[in-house]
Amino acid sequence: MRHTAPSVTTSLTTILSCLTLLLAAGCAAEKPAPKPAGTAAEGVPAPAKPDAKGTKRIIFLTNGDDPFWDALLSGLKEGEKQFKCAEAGLSVSRDVNNSSAEGQIERLRQYATQDDIAGVAISVIQADNQSIVDEMKKLQAKGVKLITVDGDVNRDTFRDARPYYIGTDNIVGGRVLGKATKTLLEAKGLKEGGYAQFAGFTDNDNARSRMNGVKEAIGGQFTERDRMADDMDHPRARDNVRNATQNHKDLAALVGIWSYNAPAIADVVSAGGNRDKYVVATFDAAPLAIGHMEKGNIDVMVVQNPFEMGVRTVQLLKAMVEKDDAVLKEMFPRAGQPDGDVFTTGLRVVVPAASSPVKADLFDSKVVEFLTLPDFKARSEEHTSELQS
């Protein structure tokens, strides 16, 4: 059993913070040129250097560069304040990977040479990459506390590479999106047809789990025609959608697994003038995706909570560094039991309007919060006002 963030109110507040940040951050239409391993994204400072006071660092290593990580960064900073890291001699920073496994491997090796690093959280880019796992283990052998967040290792083979995971229960998230997709297909009177799924990498833990969940929930009457990886290259993400629609004439649904896949799908189908042919179902409320849903180009979004991921990352790593067993037991009350090392941060289903065939009663209210897009945005604006007051 997975442990979920303890408060619905807290989860709602944090996801609204996430949306606010995503709306503010924006998202480039084209993916920037790849950066050398360990290089921070433009406008993002590199991890803080140790100061004269001997401050120890907690670092979050992303899988790549995306506005999703801006929301998580805000959560990291909120966690840094909320859990009084400065008073404990800790600083928190984010390190933006260059969208490659080699980048993460090199960065982990660099961390092992720096004695001021106390804790590392990593969104693992390839779940089955032995070299990433080896470097994770070496870092921990050196005494650095390490967890996975958002993207995990393959739990069947490498679970011992980290003590804890924080983030979305991705198989559940996939099932939720699959159930919504099937409902939308049936509402169009379809009883069969194909669908394709799109992600940065198909061997990434969260992508693979989500795709499997989608396939499970849609069921056998609709056929999965392809799973297409784009290596986090945004133009290629759009090309993949074009190729899928050209190569598989029976496609009835296009499923976006990572945040930028949503606008990539919407861009292609809206430009092609065949929007009505497809159900468009996606993950995450990226700014461009929200705009496309307002225009009628996206039918449903399953939204994660990166802000909460950031807050809980700080809480957990600080507790691990300080050996605070009370916090560890609070966050992982079922430690040692199946999936007792997993802390989930909640899911939302967002639809364009109340007239959508996708309704709240399709989902377990203990797992999923259901919102129309106007409600989602209104609550975001309300929360923004609260933060500014």
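Before reading further, recall that the structure is shown in the block above.
Reading the values: the criteria
Residues numbered from 1 in each chain as written. Predicted model: local features only at pLDDT ≥ 70, side-chain atom pairs only at ≥ 80, totals over all residues. Heavy atoms only, no water. Salt bridge = Lys/Arg side-chain N within 4 Å of Asp/Glu carboxyl O. Helix = DSSP H or I, 4+ residues; strand = E, 2+ residues; numbered from the N terminus. Buried < 20%, exposed > 50% of the residue type's maximum accessible area, 1.4 Å probe, protein only. Phe/Tyr/Trp six-rings, centres within 6.5 Å; stacked < 30°, edge-to-face > 60°. Lys NZ or Arg CZ within 6 Å of the ring centre and 35° of its normal.

### Some words on the pattern of salt bridges
If charged atoms from side chains of opposite charge come close, those side chains can pair.
Right, on to step 1. Counted by the stated rule, this structure contains 26 salt bridges.
Right, on to step 2. For Arg-159, the salt bridge identified is with Asp-339, shortest N-O distance 2.8 Å. On the criterion of sequence distance, the pair formed by Arg-159 in the loop between helix H5 (155-158) and strand S6 (165-167) and Asp-339 in the loop between helix H12 (325-331) and strand S12 (342-344) is long-range, its members being 180 residues apart.
Right, on to step 3. We classify Asp-339 as buried; its relative accessible area is 18%.
Right, on to step 4. Here Glu-369 makes a salt bridge to Arg-348, at a shortest N to O gap of 3.1 Å. On the criterion of sequence distance, the pair formed by Glu-369 in strand S14 (residues 368-372) and Arg-348 in strand S13 (residues 347-351) is long-range, its members being 21 residues apart.
Right, on to step 5. When its relative accessible area of 18% is taken as the criterion, Glu-369 is described as buried.
Right, on to step 6. Residues joined in a network through salt bridges with shared partners are Asp-152, Arg-155, Arg-159, Arg-162, Asp-339 and Asp-341.

### Describing unusual backbone geometry
Right, on to step 1. Notably, Lys-84 is not glycine yet its phi reads approximately 55°, a positive angle.
Right, on to step 2. Examined against the element boundaries, Lys-84 turns out to sit in the loop between helix H2 (67-82) and strand S3 (90-95).
Right, on to step 3. We note that Ser-99 has phi near 70°; this positive angle belongs to a residue other than glycine.
Right, on to step 4. Relative to the elements of secondary structure, Ser-99 occurs in the loop between S3 and helix H3 (101-112).
Right, on to step 5. In this structure Ser-99 comes out as buried when scored by relative accessible area, which is 12%.

### Structural notes on the packing of aromatic side chains
Right, on to step 1. Applying the stated criterion across every chain, the model contains five aromatic pairs.
Right, on to step 2. Taking 4.2 Å as the distance between ring centres and 25° as the angle between the ring planes, the aromatic pair formed by Tyr-164 and Phe-332 counts as stacked. Here Phe-332 lies in the loop between H12 and S12 and Tyr-164 lies in the loop between H5 and S6, a separation of 168 residues in the sequence.
Right, on to step 3. Summarising the aromatic geometry, the rings of Phe-201 and Trp-258 are spaced 6.1 Å apart at their centres and angled 65° between planes, so their arrangement reads as edge-to-face. A residue pair is termed long-range when its members are at least 10 positions apart, and Phe-201 in the loop between strand S7 (193-199) and helix H7 (205-218) and Trp-258 in the loop between strand S9 (251-256) and helix H9 (261-272) qualify at 57 residues.
Right, on to step 4. Grouped by ring-pair contacts, the aromatic residues Phe-60, Phe-68 and Trp-69 constitute a single cluster.
Right, on to step 5. The aromatic ring of Tyr-165 is capped on one face by Arg-155, whose charged end is 4.9 Å from the ring centroid.
Right, on to step 6. Over the face of the ring belonging to Phe-283 we find Arg-210, whose NZ or CZ atom lies 4.5 Å from the ring centre.

That is the geometry; function is a separate question.
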